[in-house]
Amino acid sequence: MPVQELSPDRGDASGGESPSSRDEVVVAARRAVAAAEAASEAARSHPSTPSAVKERIARSLEESRAVLQYAESTPMRRGRQSFAEFTTLLGEEVQQAAEDSMTEAKHAAERTLRQAKSLIEDHFHIDEAFRMLGPLRQDDNLARDIHDWFNLIALIPVNYWNFRNWSCLVFCSDMVGLRFHSVTELWHGEAFSVFWWITLAYFIADTTWMLALPNCVKSPKVILKHHVATIGYIFIPKLRPEHGWLMGACMIVEVNTWFLIARRALNKRGEKAFNTGVSLLKSIRVMLVSTCFYISWFLIRLVIYPYLLVVIIREYFKEWDKVGTPFNVIAITPIIQCVFLYLNVKWTIDLVRSKMKGRGVSKGL
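Counting restarts for each chain, with residues numbered from 1 along the sequence as it is written. pLDDT decides what is reported in this predicted model: residues at 70 or higher carry local features, side-chain atom pairs at 80 or more are listed and counted, and totals for whole chains, interfaces and linings draw on all residues regardless. Calculation of side-chain values draws on the structure's entire complement of heavy atoms; hydrogens and water are dropped beforehand.

## A short note on the nonpolar core
Then, number 1: Buried Ala, Val, Leu, Ile, Met, Phe, Trp, Tyr and Cys residues that are joined via side-chain atoms within 4.5 Å together make up what is termed a nonpolar core. For every residue, the accessible area (1.4 Å probe, protein chains only) is compared with the maximum for its type, and the residue is labelled buried under 20%, exposed over 50%, or partly exposed between those bounds. Formed by 48 residues in total, the largest nonpolar core has its most connected members in Trp-166, Val-183, Phe-195, Tyr-202, Trp-245, Met-247 and Tyr-305.
Then, number 2: Here a helix means four or more residues in a row that DSSP labels H or I, a strand means two or more in a row labelled E, and each is numbered from the N terminus. Taken together, the elements giving at least two residues each to this core come down to helix H5 (142–163), helix H7 (183–186), helix H8 (192–212), helix H9 (220–233), helix H11 (244–251), helix H12 (253–265), helix H13 (280–323) and helix H14 (333–357).
Then, number 3: Per element, the largest residue contribution to this core is 11 residues, and it comes from H13.
Then, number 4: The contact partners of Val-183, leaving out residues within four places of it in the chain, are Trp-166, Trp-245, Ala-249, Tyr-307, Leu-308 and Val-311.
Then, number 5: One finds Ala-29, Val-33, Ala-36 and Ala-71 within the second-largest nonpolar core, a separate group that totals 8 residues. Contacts are residue-level and defined by heavy atoms, with any inter-residue pair within 4.5 Å sufficient.

## Section: unusual backbone geometry
Then, number 1: The backbone phi angle of Phe-274 is positive, close to 65°, even though this residue is not glycine.
Then, number 2: Within the element layout of this structure, Phe-274 appears in the loop between H12 and H13.

## A short note on the environment of Thr-207
Then, number 1: Inspection of the secondary structure assignment puts Thr-207 in helix H8.
Then, number 2: In this structure the C-alpha to C-alpha distance between Thr-207 and Val-228, which are 21 residues apart in sequence, comes to 8.0 Å.
Then, number 3: In contact with Thr-207, not counting residues within four places along its chain, are Leu-224, His-227 and Ile-231.

## What about the confidence of the model for the protein chain?
Then, number 1: Each residue gets a pLDDT score, which is the predictor's confidence in that residue and runs from 0 to 100. Per-residue confidence for the protein chain gives a mean pLDDT of 78, with 72% of residues at or over 70.
Then, number 2: Element-level pLDDT for the protein chain is lowest in helix H3 (residues 83–87), with a mean of 51, against a maximum mean of 96 in H8.
Then, number 3: For the stretch residues 111–116, pLDDT sits under 50, and the model shows 11 contacts to residues farther than four places along the chain or on other chains.
Then, number 4: Here residues 361–365 is modelled with pLDDT under 50, and outside its nearest four sequence neighbours on either side it reaches 19 contacts, counting other chains as well.

## Some words on H5
Then, number 1: To estimate the expected span of a helix, count its residues, drop one, and scale the result by 1.5 Å. A rise of 1.5 Å per residue sets the reference length of H5, with its 22 residues, at 32 Å; its end C-alpha atoms lie 32 Å apart and thus fit the reference within 8%.
Then, number 2: The seven residues ending at a residue and the seven starting there each receive a fitted axis; the angle between those axes is the bend at that residue. The largest bend along H5 measures about 25° and falls at Leu-155, with the proline Pro-157 one to four residues further on.
Then, number 3: Any N or O atom pair separated by 3.5 Å or less is treated as a polar contact, with the protein-specific requirement of one donor-capable and one acceptor-capable atom, and with residues adjacent in sequence counted only for side-chain atom pairs. Here H5 starts with a cap whose side-chain oxygen sits 3.2 Å from the backbone nitrogen of Ala-143, and that cap is Asn-141.

## Side note on the pattern of salt bridges
Then, number 1: When a carboxyl oxygen of Asp or Glu lies within 4 Å of a side-chain nitrogen of Lys or Arg, that pair is called a salt bridge. The final tally for this structure, using the stated rule, is 11 salt bridges.
Then, number 2: Several salt bridges converge on common partners, so that one network encompasses Arg-144, Asp-145 and Lys-268.

## A short note on the packing of H12 against H13
Then, number 1: Direction vectors running N to C along H12 and H13 enclose 150°, while the axes themselves pass 9 Å from each other. One element, H12, and the other, H13, form an angle in the roughly antiparallel class. Relative to H13, the crossing made by H12 is left-handed. On H13, the residues touching Val-253, Val-255, Asn-256, Thr-257, Phe-259, Leu-260, Ala-262 and Arg-263 of H12 are Val-289, Ser-290, Cys-292, Phe-293, Tyr-294, Ser-296, Trp-297, Ile-300, Arg-301 and Tyr-305.
Then, number 2: Residue classes in the contact of H12 with H13 are distributed as 12 nonpolar, 4 polar and 2 charged. Structural elements are reduced to axes, namely lines fitted to C-alpha atoms, with helices fitted over the stretch in contact, and the angle between N-to-C directions of any two is expressed from 0 to 180 degrees. Throughout this description, any angle smaller than 35 degrees is read as roughly parallel, any larger than 145 degrees as roughly antiparallel, any in the 65 to 115 degree range as roughly perpendicular, and the remainder as oblique. Take the far helix as your reference; a near helix turned counterclockwise from it by less than a right angle gives a left-handed crossing, and one turned clockwise gives a right-handed crossing. Amino acid classes used here: Ala, Val, Leu, Ile, Met, Phe, Trp, Tyr, Cys and Pro are nonpolar; Asp, Glu, Lys and Arg are charged; the rest, including Gly, are polar.

As structure tokens, this is what we get:
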């Protein structure tokens, strides 16, 4: 934040420092302390703020408080002191540290103020009014790029072996004949063992990757917690194979995850389909991936997942009757499914809200 010099007409005729001039210096020092405290709070609340930035902000806050204490305890003296001269008390190193840290703290503070942090901000260009301006142009991050391609490759066998456990032909015939089998009837689980081990290997490998290179994702702590919870969750069908359909049904969301990552990895420059300078082949690819992303998003997150909640609750009561107690092996599954459903609805609202706000701005899929 730029500083302004105090007005030169505050002193008396003899060149001494008037009480009002000294008070302005104290007030300015208090503002500097308040700004440093706000930056420190924003940096602490944002998990991606580098530790070096936090240390510099903390040091700036200490120096600002020292300057304020000096200003309040120093009596009036002869000779005017400009605010620019007064700020040199901070020292060049502290001033540089404050300038370096404010850029990082600004983004954290703005996000905290508007309270609109969402999954879609990691994949779409969202302005401060939460309008979607189009695909997000990616900065240079080799760790993230390699991690994206790892996911694009690793999720293929995960999704393939998942579908190997479903009666896909029966499902397609149901769609044509308007007949419907339940999710438990569509699951045959013939390849469940392979599917389970591949899924476990994927989550362990991805967790290890993020522990070694946390900068490969924007929110490593959140994703690590998700992966640890998922690893624990998939042990339910491992211990009780008759509930393998639960794992397979929930893991269908990884199809949408694949398209979500593909949008970023295959369009790092954030180009919009059929815009000037974008080749026809790339435009078709961007349009195809985006269309599959939106279809899979709404079909899986807003249709299949709510339906799964109904099935899970029904199966929970069946298990209750079977074992004679509500505290059974799948008792936690309705709660977890409600959490997943809440996040899906929240992210969908964010997605629709940003699209609606950005309707007046030129954008692409």
